[in-house]
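# Overview (structure and organization)
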Amino acid sequence: MKILAFEVRDDEKEYFEKYAAKYQCEITCVPFSLTLDNLLLVQGYDGISILGWSSITAEIEDGLKKLGVTCCTTRTVGYNHIDVTHAHKIGLKIANSNYPPTGVADYTVMLILMSLRHYKQAMWRGHVNDYSLKGLQGRELNELTVGIIGTGKIGQCVIKNLSGFGCKILAYDMYENDEVKKYAEYTDLDSLISSCDVISLHTPLLDSTYHFINNERIQRMKDGVVLINCARGELMDVDALIQGIESRKIGALALDVIEGEDGIYHEDKRTDIISNQSIAYLRQFPNVIMTQHMAFYTNIAVESMVKCSVEAIHDLINKGTCATSI
Ligand code: COI
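Here the structure is a predicted model, which is why all the values come from computation and not from measurement.

The rules behind the values
Residues numbered from 1 in each chain as written. Predicted model: local features only at pLDDT ≥ 70, side-chain atom pairs only at ≥ 80, totals over all residues. Heavy atoms only, no water. Helix = DSSP H or I, 4+ residues; strand = E, 2+ residues; numbered from the N terminus. Rg over C-alpha atoms; globule rule 2.2 N^0.38 Å. Buried < 20%, exposed > 50% of the residue type's maximum accessible area, 1.4 Å probe, protein only. Contact = heavy atoms within 4.5 Å. Areas by Shrake-Rupley, 256 points an atom, 1.4 Å probe, with all protein chains shown as cover. Domains from an automatic or database assignment. Buried area = accessible area lost by both parts, 1.4 Å probe. Salt bridge = Lys/Arg side-chain N within 4 Å of Asp/Glu carboxyl O. Polar contact = N/O pair within 3.5 Å; in protein donor to acceptor, adjacent residues only side chain to side chain. Near = heavy atom within 4 Å. Nonpolar A, V, L, I, M, F, W, Y, C, P; charged D, E, K, R; others polar. Axes fitted to C-alpha atoms, helices over the stretch in contact; angles between N-to-C directions. Parallel < 35°, antiparallel > 145°, perpendicular 65-115°, else oblique. Left-handed = near helix turned anticlockwise from the far one by under 90°. Pairing = 2+ DSSP bridges. Core = buried A, V, L, I, M, F, W, Y, C linked by side-chain atoms within 4.5 Å. Patch = residues over 30% accessible without salt bridge, like charges linked within 9 Å, V, L, I, M, F, W, Y side chains within 5 Å. Right-handed = clockwise from strand over helix to strand, strands pointing away.

Along the backbone of the protein there are 12 helices and 12 strands. Against the globule reference of 20 Å for 326 residues, the protein gives a C-alpha radius of gyration of 21 Å, in line with a compact fold. Once the C-alpha set of the protein is aligned to its principal axes, its extents read approximately 65 × 50 × 35 Å. Across the 326 residues of the protein, 52% fall into the buried class. Taking as baseline every contact in the protein between residues at least 6 positions apart, the subset at least 24 positions apart corresponds to 67%. On the protein, roughly 15,700 Å² of surface is accessible, and the fraction owed to carbon and sulfur atoms is 51%.

Following this line, the structure appears as structure tokens:
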């Protein structure tokens, strides 16, 4: 069995070696994404493994099938970069990966606390020996209401983490979960939007969730609301975020993801001209924390992502099905 793995970082290589040995397969790792231009590279491979920046369109899927690839697995939980409907139609098998939700959940709480305590400004001051306190007075979680939108594995874990801080927790999801009800109160979306001091998104990116946070919803939020996004950039309309910060409606913003991050995040761009104006503009605000889509990035998650991907290709080829099949 031969696998071609795209977008492989150096820190993933030891795990590819480990699971190639375990599943008795030959794996070639390349650092770049799969595109129409380099599609011919897949010839001779049974399955491919990708990360979140290879956009697997219908055209690419047709090409994969034609070139003899039978399955494509993504080393990510989210699979909005894959045309799953078309893949099903042509019989190309697709699987995603899973990893414990704790890494992203912990990171979310860190961003909430950093935002509430003005940590970015404090850090900036420290760099120039400015040890003043003016403007850095924070707020305590125990007197605030936090709203969690999306109570899947990660949302649920954020809620459990937050339960130790004594804040009121409101939750919204189409599907209510009994475990969540131990720590949070489910409410309708409008109530959550209008009554929370902190709002964090944990939903997948779907047609129905694209620009879920838009101008109209921001206007209905509490003045000074703190918004957190460790899910997908496109869940928030970046222009609406800029407007919200400029008008001071949004008190603080912490984004591990942002619309238009593809091709920028996870790359060293120090000597490049970055053409994404929103990223550059938002980054300079003292109350906006931005990180490079790294909430997932822990030793436990990385190994699990590689393991799931290799295991899925092995199982799809040998058994016709796998635990993470989509
Ligand atoms: C995911 O697993 O969905 C992520 O966001 C990870 C990232 C490498 C794309």
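A separate point is the domain arrangement of the protein. Per the domain assignment, the segments of the protein are domain 1 (2-99 + 299-319) and domain 2 (102-290). With 4 residues of domain 1 at the interface, the matching set in domain 2 holds 7 residues. Together domain 1 and domain 2 conceal approximately 590 Å² of surface at their shared face, both sides included; 52% is due to carbon and sulfur atoms. At the junction of domain 1 with domain 2, the criterion picks out 0 salt bridges. Inspection of the region where domain 1 meets domain 2 yields 2 residue pairs in polar contact (both at pLDDT 80 or more).

It is worth spelling out the site of the ligand at this point. Surrounding the ligand, one finds Trp53, Thr76, Val77, Gly78, Tyr99, Arg232, His293, Phe296 and Met305. Here an oxygen atom of the ligand sits 2.9 Å away from a polar atom, N or O, in the main chain of Gly78. Interatomic distance of 2.7 Å between a side-chain N/O atom of Arg232 and an oxygen atom of the ligand. Calculation on the ligand without its partners gives an accessible area of 280 Å², and the protein chains cover 94% of this total. When its residues are assigned to classes, the shell around the ligand shows 5 nonpolar, 3 polar and 1 charged.

Turning our attention to the packing of helix 1 (residues 10-22) against helix 12 (residues 299-319). Packing of helix 1 against helix 12 leaves a shortest axis separation of 9 Å and a crossing angle of 40°. Between helix 1 and helix 12, the interaxial angle falls into the category oblique. The two elements helix 1 and helix 12 meet at a crossing, and its hand is right-handed. In this structure, helix 1 contributes Asp11, Glu12, Tyr15, Phe16, Lys18 and Tyr19 to the contact, and helix 12 contributes Asn299, Val302, Glu303, Val306, Lys307 and Val310. Here the contact of helix 1 with helix 12 is built from residues that sort into 6 nonpolar, 1 polar and 5 charged.

With that settled, the discussion passes to the sheet that holds strand 8 (residues 185-186). Ordered by their spatial adjacency, 7 strands build an open sheet running 8-7-6-9-10-11-12, and the pairing between neighbours is parallel. Whereas interior strands pair on both sides, the edge strands pair on one side only; in this sheet they are strand 8 and strand 12 (288-290). As defined by bridge partners, strand 11 (residues 250-255) adjoins strand 12 across 3 bridges and the pair is classed as parallel. Note on strand 12: the bridge partner recorded for Ala254 is Ile289. Its contacts with the sheet place helix 6 (residues 153-163) against strand 6 (145-149) and strand 7 (168-172), and it is angled at close to 165° to strand 6.

Before going further, it helps to examine the nonpolar core. Judged by nonpolar contacts, the single largest core of 34 residues is most densely connected at Ile213, Leu227, Leu241, Leu253 and Leu282. Every element with two or more residues in this core is listed here: helix 8 (189-195), strand 9 (198-201), strand 10 (225-229), helix 10 (238-246), strand 11, helix 11 (277-283) and strand 12. Tallying contributions element by element places helix 10 first for this core, with 5 residues. Once you skip the residues sitting within four places of it in the chain, Leu282 turns out to touch Val238, Ile242, Ile245, Leu253, Leu255, Ile258, Val288 and Met290. Core analysis: the second largest hydrophobic core is formed by 33 residues, Leu144, Val226, Phe296 and Met305 among them.

Moving on to a nonpolar patch on the surface. Nonpolar side chains collect at one region of the surface, where Tyr119, Met123 and Trp124 lie side by side and expose about 290 Å² of accessible area between them. Mapping Met123 onto the fold places it in helix 5 (residues 119-127).

Turning next to the pairing of strand 7. Both strand 6 and strand 7 contribute to a ladder of 5 bridges, which runs parallel. When the bridges of strand 7 are listed, Gly147 appears paired with Leu170. In terms of handedness, the path from strand 6 via helix 6 over to strand 7 forms a crossover that is right-handed. Summarising the sheet, strand 7 and strand 8 pair through 2 bridges and their orientation is parallel. Each residue of the ladder has a partner; that of Ala171, found in strand 8, is Tyr186.

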